[in-house]
Amino acid sequence: MRSGIRNNYSNVAVRMITGSHAFTAAGKTKSTRDYLKKLQKQVPYLKLGAGSGFSAVRGVRVNTLNISPGLLAQMQRDPKKERECIQQLKDIQFALRMVDSCIKTSGKRVVYRYCYLDGNGKYHACSQTKKEDGKRRTGIGANVDLRL
C-alpha cells in the first residue's frame with residue numbers, strides 16, 4: 001500500500017518554474033509564452049526567452065535575452081514593475097544596436113552574444129567577436145544595471 005502527501009500547490013510551482021503559466025494581478029493564469037510574444041513586439045531587435053542564465057533562444061546565437069521566470073511573474077503581477085522592465089529592455093536594445101554598429105565599423109562581427117536579466121532586473125551579458133581575418137577576440141562579460 002502506497003501513501004504520500006499531495007497538495008494542490010506543487011503542480012503550480014512546477015508550471016511556474018517551467019514557464020508554462022504565470023499568475024496575473026486579476027488571479028487568472030496567463031501563458032508565459034504569450035506574455036513573451038507581447039514583449040517581443042516591443043523589442044524586435046532581441047530574441048526573448050524565459051530562462052535562468054545564458055543560453056540560446058530557439059537556436060539563435062546573437063542578441064538573445066533570457067529573462068528570469070521570477071522577474072516575468074513580477075512583471076505580470078505589478079504594472080509599475082512591467083513599465084520599468086519594458087523601458088529597460090528598450091534601453092538594452094538601443095545599447096546593443098550602438099555596440100553592433102561600432103563592432104561593424106571596426107571590421108569585426110559578433111559570433112555570439114547572450115544576455116540575461118536576473119530576478120532583480122540586473123543585466124548580464126557575454127559575447128564573442130571575430131575579426132574578418134579569422135582571428136577570434138573574446139568579449140568581456142558584463143554585469144550592468146541599466147536602470148536610470
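Every value quoted in this text rests on a predicted model; they were computed, and no experiment measured them.

Draft legend 1. View of the packing of aromatic side chains. All told, the structure shown has 1 aromatic pair when counted by the stated rule. Consider the rings of Tyr112 and Tyr114, whose centres lie 5.2 Å apart with planes at 25°: the pair is stacked. Tyr114 sits in the buried class, given a relative accessible area of 16%.

Draft legend 2. Highlighting the pairing of strand 5 (residues 108-117). Of all 10 residues making up strand 5, 7 are buried, and the element is well covered by its neighbours. As defined by bridge partners, strand 5 adjoins strand 6 (residues 123-131) across 9 bridges and the pair is classed as antiparallel. Residue pairing for strand 6: Leu117 is matched across the bridge by Tyr123. Once strand 5 ends, the chain turns through 5 residues before running back antiparallel as strand 6, passing Gly121 with a positive phi of about 85°.

Draft legend 3. Fine view of the pattern of salt bridges. Within the structure shown, the criterion is met by 2 salt bridges. In this structure, Arg113 engages Asp100 in a salt bridge whose closest nitrogen and oxygen atoms are separated by 2.5 Å. With Arg113 in strand 5 and Asp100 in helix 4 (residues 79-105), the pair connects residues that are 13 residues apart, well separated along the chain. Overall, the relative accessible area of 8% leaves Asp100 in the buried class.

Draft legend 4. View of the state of the cysteines. Here the structure, examined in full by the defined rule, presents 0 disulfides. Distance from the sulfur of Cys115, which forms no disulfide, to the nearest cysteine sulfur (Cys126) is 7.9 Å. Here Cys115 falls in the buried class, since its relative accessible area comes to 1%.

Draft legend 5. Structural context of the packing of helix 3 (residues 69-77) against helix 4. For the pair helix 3 and helix 4, the least separation of the axes is 5 Å and the interaxial angle reads 120°. Here helix 4 runs oblique to helix 3, going by the angle between their axes. Between helix 3, through Leu71, Gln74, Met75 and Arg77, and helix 4, the contact on the second element is made entirely by Pro79, Lys81, Glu82 and Cys85.

Draft legend 6. Main features of helix 2 (residues 32-42). Listing the buried residues of helix 2 in full gives Thr32, Tyr35, Leu36, Leu39 and Gln40. Taken around the axis of helix 2, the buried residues stretch over an arc of 145°, which confines them to a single face. The exposed set on the far side of helix 2, more than 90 degrees from its buried face, consists of Lys37 and Lys41. Sitting at the amino-terminal end of helix 2 is Ser31, which places a side-chain oxygen 3.3 Å from the backbone nitrogen of Arg33.

Draft legend 7. Representation of the side chain of Asp100. Reaching out from Asp100, the side chain makes a polar contact with the side chain of Arg113 at a distance of 2.5 Å. In this view, Asp100 contacts Tyr45, Asn63, Val110 and Arg113; residues no more than four positions away in its chain are not counted.

Reading the values: the criteria
All residue numbers here refer to positions counted from 1 along the written sequence of the relevant chain. Owing to the predicted nature of the model, reporting of local features is limited to residues with pLDDT of at least 70; listing and counting of side-chain atom pairs is limited to 80 or more, with chain, interface and lining totals taken over all residues. The basis for every side-chain value is the complete set of heavy atoms in the structure, and neither hydrogens nor water enter the calculation. For Phe, Tyr and Trp, where Trp contributes only its six-membered ring, two rings pair if their centres lie within 6.5 Å, and the inter-plane angle classes them as stacked under 30 degrees, edge-to-face over 60, or tilted in between. Residue burial is assigned from relative accessible area. The probe radius is 1.4 Å, only protein chains are included, and a residue is buried under 20% of its type maximum, exposed over 50%, and partly exposed in between. For helices the rule is a DSSP run of H or I covering at least 4 residues; for strands it is a run of E covering at least 2, with both sets numbered from the N terminus onward. Strands are treated as partners if at least two bridges between them are detected by DSSP. Here, a salt bridge means any Lys or Arg side-chain nitrogen found within 4 Å of an Asp or Glu carboxyl oxygen. The disulfide criterion used throughout: a pair of cysteine sulfur atoms within 2.5 Å. Geometry is summarised by axes, namely lines fitted to C-alpha atoms with helices restricted to the contacting stretch, and by angles between N-to-C directions that run from 0 to 180 degrees. The labels follow the angle: roughly parallel below 35 degrees, roughly antiparallel above 145, roughly perpendicular from 65 to 115, and oblique for the rest. Residues count as neighbours in contact if any of their non-hydrogen atoms are within 4.5 Å of one another. Arc definition: it is the arc formed by the directions from the helix axis to the C-beta atoms. Whenever two N or O atoms come within 3.5 Å, that pair is a polar contact, provided that in protein one can donate a hydrogen and the other can accept it, and provided that, for residues adjacent in sequence, both atoms are side-chain atoms.

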